[in-house]
Amino acid sequence: MGRCRTGGWPLSCAPWVSADRLGWPGRSNKIIRIVALLRAAVARYRFGRPAAVAVALYLTAAAVAAWYDGGRWFAVVATAGFWAWDDEARLLPAAIGVLNAWALWQIMRGPALPRAGALPREVVWLRRLLYAGVAGDLLLWELLDDVSDVAEYAANWAVWTATMFLLVRALAGVSVRFRMIALGLGLTGVLTAALRPFAEIPLLAVSLLAAVATLGCKAMIIAGQGRDRRFSAVTVAIGWTALLVPQVYLLLKAGRVTFDGLSLVVDALDGLIVVWAARTAHELAAPGPGVVAPGSMRTPRLIAAAVVVLVLPMAVVGAERDARLTYTAADASCRDRLRPVNGLGPEERRRSFLCLARGETFAADTMFPEDLADQRILAYGAQLCALPGDRERHALHKRAGGTADTIELAAALEYLCPGIVARQNAEAARREAERDRQEAAWKAEANARCADPWPRARARRQGTAAYMLFEGGGYAVFDDRDDSAGDPGDLYGDDGKAANIFDALEDGFIDAAGSSAAIVTHEENSPMCLTVKVFDSAPPLRLAGWDQVVEVGIVSRSGRLVVPAYPKGGDSGAAGPLPDLAIAGPGHYRLRVHARTLPWDENDPDAPLEEHLLVVYPGRSTDKVVHRPRR
């Protein structure tokens, strides 16, 4: 037993799982060996235990997803990304899930033990930058992108610039000329990317130059790693796989778009660049200096392969006028597969944007012309994202030949530049609040110009406000809850059951029918002053100072009689609160209307030029009485 307690975990020392107890000695020994190997592998690395726990949790989540709800979410959890095919498919997502679990282990396990002692300062900063790039690719760039597209773009390129510079300097066993060429390519890519927002040359050409230069720099760095003994052959192979597979795939699908299992595999292999960066940082902490691999012929062959991969696309594409552009076929069903933008990667968000951009709008037209290539649509989308407001975006979209309303365009751009809908809603809310503030000030100013023309008569209910008149003038008094006569508040009704402004014009002043009355005004498209006074019984007749005074009968079936209020964004109505005129509830009332014109005030050109006084009291008579006709 003493021997079993020291020196690790010998395979012969495990009495709790003895072969005699289990009854199947061969299988128990295999399980013990596997567990021992896993434990030894975990112990070899600085963060082996946390990494093993993370991998176990990920695989557990995938297993639960495969069991839960008929495995509906298995593909999403296993691939950690967008899945657009039959949910019953299992093999490919499972393979990608295993690849993701392996990648998670490679990233999180940390450097192997024992670690080197004091590392050079440049190497320390290089490792920090590599880990920062890994964190950015996995999460930080997405979070920054939600805050600001510019911040995400600048941070991404800043980290890559510093990493590229230090990594080229840290390579052992490469010539000065090799370093200068690698740095030249890297700086070309960085400067082109930095100048892209200000360049006047086509956006596609600028992006292509930045991509090719950066790709060439990465190829030389990976080739240099092959001559530096600090880096394992596995790390170099992972780097080449992540770098070259997507480029080869682009050549194979040139001129057409595929959205199948192969594209998902390529996306997964493209993500190995994060594993390569993490392993590079891990292995820089290994003890011992970098040494040239003597007699290695791998580097020249790999550089030649990289040159072929970089030059061949240019030969296939040829001159810009002969470029093979990509056109995504319209697919109405793709909208059913769209997922919320949160959690989607850049490539998935671009595909979702193209799905909406190629689809029909409410106007039954495509959002962008069908003859526009995907690259052009994405370029237009990037320009639209950079514009400050929906008016500017709508103008550019129209110049591009697109058709979509503001809401449809913003919904599509939300995938390309997340947060645009929130910003648009915030801007719309700000503009609406500003309009409300201006309208409130306008109403208050208009109401301040109006006063009670009969202040000595104190009514049970009363109110004074400016009444905004629309084109043609006129207004109504009506029971707003009486639906027996259609719409008694409609001045232009012609069913004979409600008051009509045309009948009022023929009368010269007023028309009353049922639960409504229509009154003609002298002014239009301007405010007038309106005062209402409601009494329990008929008040004294007041004629002095008024041009017209006419009294009619009106009915309230619901117990309400109102003068319409000015609606939000409307055209006609009272700018201030006026009371319900049906003081006695449902029943018959008398409506006495006073009207007069006001002199123009040269000191206040906006002052009202007309004033009305409405006197209302209970009364059963339906006769029309003209107390003072218009002279």
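Counting restarts for each chain: residues are numbered from 1 in the order of the written sequence. Since the coordinates come from a predicted model, pLDDT governs what is reported: local features require at least 70, and pairs of side-chain atoms require 80 or more to be given and counted, while whole-chain, interface and lining totals use all residues. Think of the side-chain values as coming from all heavy atoms in the structure, minus any hydrogens and water.

1. Looking at the overall build of the protein
Quick note on the threshold: In this description a helix means any DSSP run of H or I spanning at least four residues, a strand means any run of E spanning at least two, and both kinds are numbered starting from the N terminus. When a residue's accessible area, from a 1.4 Å probe over protein chains only, is under 20% of the maximum for its type it is buried; when over 50% it is exposed; and in between it is partly exposed. Using a 1.4 Å probe, the Shrake-Rupley method yields the accessible areas, and only the shown protein chains count as cover for residues.
What the protein contains, in helices and strands, is 20 helices and 10 strands. Evaluated residue by residue, the protein yields a buried proportion of 42% over its 631 residues. When the accessible area of the protein is evaluated, it comes to approximately 33500 Å², of which 60% is carbon and sulfur surface.

2. Section: the nonpolar core
Note the following rule: In plain words, nonpolar cores are sets of buried Ala, Val, Leu, Ile, Met, Phe, Trp, Tyr and Cys residues tied together by side-chain atoms within 4.5 Å.
Ranked by internal contacts, the top residues of the largest apolar core, which has 41 residues, are Leu-126, Met-164, Ile-221, Trp-240 and Trp-276. If you tally residues by element for this core, the top one is helix H13 (residues 272-284), at 8 residues. The next biggest cluster of nonpolar side chains, apart from the first, holds 27 residues, and it includes Leu-561, Tyr-589, Leu-591 and Leu-614.

3. Let's talk about the confidence of the model for the protein
Heads up, the rule is: The quantity known as pLDDT measures the predictor's confidence residue by residue, on a range of 0 to 100. Here, two residues are considered to be in contact whenever any of their heavy atoms come within 4.5 Å of each other.
Per-chain confidence: the protein averages 79 in pLDDT, with 79% of residues scoring 70 or above. Low pLDDT, under 50, characterises residues 82-88; the stretch is placed with 20 contacts to residues that sit more than four places away or in other chains. Predicted confidence is poor over residues 255-259, with pLDDT under 50, and the contacts of this stretch with residues over four places away or in other chains come to 14 contacts.

4. Let's talk about a negative patch on the surface
Spelled out, the test is: For patch building, the residue pool is restricted to those with more than 30% relative accessible area and no salt bridge; the joining distance is 9 Å between like charges and 5 Å between nonpolar side chains (Val, Leu, Ile, Met, Phe, Trp, Tyr). One side-chain nitrogen of Lys or Arg within 4 Å of one carboxyl oxygen of Asp or Glu is enough to make a salt bridge. Residues scored as charged are limited to Lys and Arg (positive) and Asp and Glu (negative), so that His and the chain ends carry no count. Every charge is mapped to an atom, namely NZ of Lys, CZ of Arg, CG of Asp or CD of Glu.
A contiguous patch of negative charge, built from Glu-360, Asp-365, Glu-370 and Asp-371, is present on the exposed surface. Checked against the element boundaries, Glu-370 lands in the loop between helix H15 (346-358) and helix H16 (374-386).

5. Quick word on the state of the cysteines
Applied cut-off: Criterion for a disulfide: a pair of cysteine sulfur atoms at a distance within 2.5 Å.
Counted by the stated rule, this structure contains 3 disulfides. Through a disulfide, Cys-334 is tied to Cys-355; the S-S separation comes to 1.9 Å. Here Cys-334 and Cys-355 share a disulfide; its torsion about the S-S bond, 90 degrees, makes the bridge right-handed. Of this pair, Cys-334 sits in the loop between helix H14 (298-317) and H15 while Cys-355 sits in helix H15, placing them 21 residues apart in sequence. The partner cysteine of Cys-450 in its disulfide is Cys-529, sulfur to sulfur 2.0 Å. Because the sign of the S-S torsion sets the handedness, a value of about -80 degrees for the bond joining Cys-450 and Cys-529 places this disulfide among the left-handed ones. Of this pair, Cys-450 sits in the loop between helix H19 (420-448) and strand E1 (461-468) while Cys-529 sits in strand E5 (residues 527-534), and the two are 79 residues apart along the sequence. Of the two residues examined, Cys-450 and Cys-529, each falls in the buried class.

6. As for helix H6 (residues 91-108)
Quick reminder of the rule: In a helix, the anticipated span is given by 1.5 Å times the number of residues less one.
Relative to the 26 Å expected for 18 residues at 1.5 Å per residue, H6 spans 26 Å between its end C-alpha atoms, a close match to the ideal helical length. Taken as a whole, H6 has its buried residues at Pro-93, Ile-96, Gly-97, Ala-101, Ala-103, Trp-105, Gln-106 and Ile-107. Looking one or two residues past H6, Gly-110 carries a phi angle of roughly 80 degrees, positive in sign.

7. Structural notes on the pattern of salt bridges
Scanning all chains against the criterion turns up 18 salt bridges. Two residues, Glu-611 and Arg-596, come together in a salt bridge whose shortest N-O distance is 2.9 Å. Of the two residues, Glu-611 sits in strand E9 (residues 610-618) while Arg-596 sits in strand E8 (residues 587-597), which places them 15 residues apart along the sequence.

8. A word on the environment of Leu-614
Relative to the helices and strands, Leu-614 is located in strand E9. What makes Leu-614 buried here is its relative accessible area of 0%. Ignoring sequence-local partners within four residues, the contact set of Leu-614 consists of Tyr-475, Val-477, Leu-530, Thr-531, Val-532, Lys-533, Val-563, Leu-591, Arg-592 and Val-593.

9. Considering helix H18 (residues 406-416)
We count it as follows: Here a polar contact is taken to be a pair of N or O atoms separated by no more than 3.5 Å, where protein atoms must pair a possible hydrogen donor with a possible acceptor and residues adjacent in sequence count only if both atoms sit in side chains.
In terms of burial, H18 is largely enclosed, as 8 of its 11 residues are buried. For H18, every residue scored as buried is listed here: Glu-408, Leu-409, Ala-410, Ala-412, Leu-413, Glu-414, Tyr-415 and Leu-416. Capping of H18 at its N-terminal end is provided by Asp-405; its side-chain oxygen lies 3.2 Å from the backbone amide nitrogen of Ile-407.

10. Some remarks on the pairing of strand E6 (residues 548-556)
On any regular strand, side chains alternate: one points to one face of the sheet, the next to the other face. What counts, and what does not: The pairing criterion for strands is at least two bridges between them, as found by DSSP.
The element E6 is extensively covered by neighbouring structure, given that 9 of its 9 residues are classed as buried. Here E6 runs beside E8; their pairing, made up of 9 bridges, is antiparallel. Residue Val-552 lies in a different strand from E8, and its bridge partner there is Leu-591. Of the strand pairs in this sheet, E6 and strand E10 (residues 625-628) are connected by 3 bridges, and their pairing is antiparallel. When the bridges of E10 are listed, Glu-551 appears paired with Val-625.

11. Regarding the packing of aromatic side chains
Quick reminder of the rule: Two aromatic rings, drawn from Phe, Tyr or Trp (for Trp, its six-membered ring), form a pair once their centres lie within 6.5 Å of each other, and the interplanar angle then sorts them: stacked below 30 degrees, edge-to-face above 60, tilted otherwise. Two conditions define a charge sitting above a ring: the NZ of Lys or the CZ of Arg must be within 6 Å of the ring centre, and it must be within 35 degrees of the ring normal.
Using the criterion set out here, one finds 5 aromatic pairs in the structure. An angle of 85 degrees between the planes, with centres 5.7 Å apart, marks the rings of Tyr-45 and Trp-105 as edge-to-face. Here the residue Tyr-45 occupies a position in the loop between helix H3 (25-43) and helix H4 (48-67), and Trp-105 occupies one in helix H6, the gap between them amounting to 60 residues. Under the relative-accessibility criterion, Tyr-45 is labelled buried at 14%. On the numbers, 6.2 Å between centres and 55 degrees between planes, the contact of Trp-454 with Phe-535 is tilted. Placement of Trp-454 in the loop between H19 and E1 and of Phe-535 in the loop between E5 and E6 is noted, with a sequence separation of 81 residues between them. Look at Trp-454 and you get buried, because its relative accessible area is 9%. The aromatic ring of Trp-125 is capped on one face by Arg-128, whose charged end is 4.8 Å from the ring centroid. One residue, Lys-218, lies across the ring of Trp-160, its end atom 5.3 Å from the ring centre.

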